[in-house]
Amino acid sequence: MIDERVTGIRVIRTVLPAEAETVAALHRRARATYYPDGLPDDGFDWVAVWRRAAERADAHVLCAVERGGLVGIASFRVPDDGPSETVKLFQFHVDPDHWRTGVGTALHSACVDQWRADGRRAAVLDVHVDNLRAQAFYARRGWVPDPEYPPAEGDHHLFLRFRVPAR
């Protein structure tokens, strides 16, 4: 698990299961920004989903905290059906009030450090087609379209791949 890391007023650490409600609220705020007609009801109990993710022994859920408040979250693990050298970034969100402040960059760097420490060589994710801000963020960090999963007509997500750099 990642060691707590302090950079100025920001701490990046592992999320506690007891923080699931706070994490779910941040997740909801961030997701709402890229649904032009409002956040759809997807039927998930996101508090329970985040609590289970934080409790999984094979997963990492990191958060960025500034001045005592949670401002960013990232959840990743090797998918059940995936190769062991590839990690999937399932969730990555920054509170909209903290966009363009370095939170996402710091959180992404912490993810990459953990992937490297875990011996992962690649990372994959899917990003909503309407989330152009996230797509640009990922592209600036070296994520590229995943050649194994090209977009199909009507897809709501794009699939991206990242090569984890060696130290």
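Rules used throughout
Residues numbered from 1 in each chain as written. Predicted model: local features only at pLDDT ≥ 70, side-chain atom pairs only at ≥ 80, totals over all residues. Heavy atoms only, no water. Disulfide = S-S within 2.5 Å. Core = buried A, V, L, I, M, F, W, Y, C linked by side-chain atoms within 4.5 Å. Buried < 20%, exposed > 50% of the residue type's maximum accessible area, 1.4 Å probe, protein only. Helix = DSSP H or I, 4+ residues; strand = E, 2+ residues; numbered from the N terminus. Contact = heavy atoms within 4.5 Å. Pairing = 2+ DSSP bridges. Right-handed = clockwise from strand over helix to strand, strands pointing away. Salt bridge = Lys/Arg side-chain N within 4 Å of Asp/Glu carboxyl O.

Asks: Outline the state of the cysteines, listing residues and values.
Replies: Per the stated rule, a full pass over the model turns up 0 disulfides. With no disulfide of its own, Cys63 lies 11 Å from the sulfur of Cys111, the closest cysteine sulfur.

Asks: Kindly report on the nonpolar core, identifying the contributing residues and their values.
Replies: Ranked by size, the top nonpolar core spans 27 residues in total, and within it Leu89, Phe92, Trp115, Tyr138 and Trp143 carry the most contacts. For this core, the secondary-structure elements that each account for two or more residues are β3 (59-66), β4 (69-77), β5 (86-94), α3 (103-117), β6 (122-128), α4 (132-140) and β8 (157-163). Top contributing element to this core by residue count: α3, with 7 residues. Setting aside its immediate chain neighbours within four residues, Tyr138 contacts Leu89, Phe92, Leu125, Val127, Trp143 and Leu160.

Asks: Tell me about the pairing of β6, residues and numbers included.
Replies: Most of β6 is tucked away: 6 of the 7 residues are buried. Pairing of β5 with β6 involves 3 bridges; the strand directions are parallel. Each residue of the ladder has a partner; that of Thr86, found in β6, is Ala122. As for the winding sense of the linkage, the β-α-β connection from β5 through α3 to β6 is right-handed.

Asks: Quick rundown of the environment of Trp115? Include the residues and the values.
Replies: Tracing the chain through its elements places Trp115 in helix α3. As a C-alpha pair, Trp115 and Leu158 span 43 residues in sequence and 22 Å in three-dimensional space.

Asks: Outline the pattern of salt bridges, supporting the account with residue identities and numerical values.
Replies: Across all of its chains, the model carries 10 salt bridges by this definition. In this structure, Arg56 and Asp58 form a salt bridge, with 2.7 Å as the shortest nitrogen-oxygen distance. Through salt bridges with shared partners, one network takes in Arg56, Asp58, Arg77 and Asp80.

Nothing here speaks to function; it is geometry throughout.
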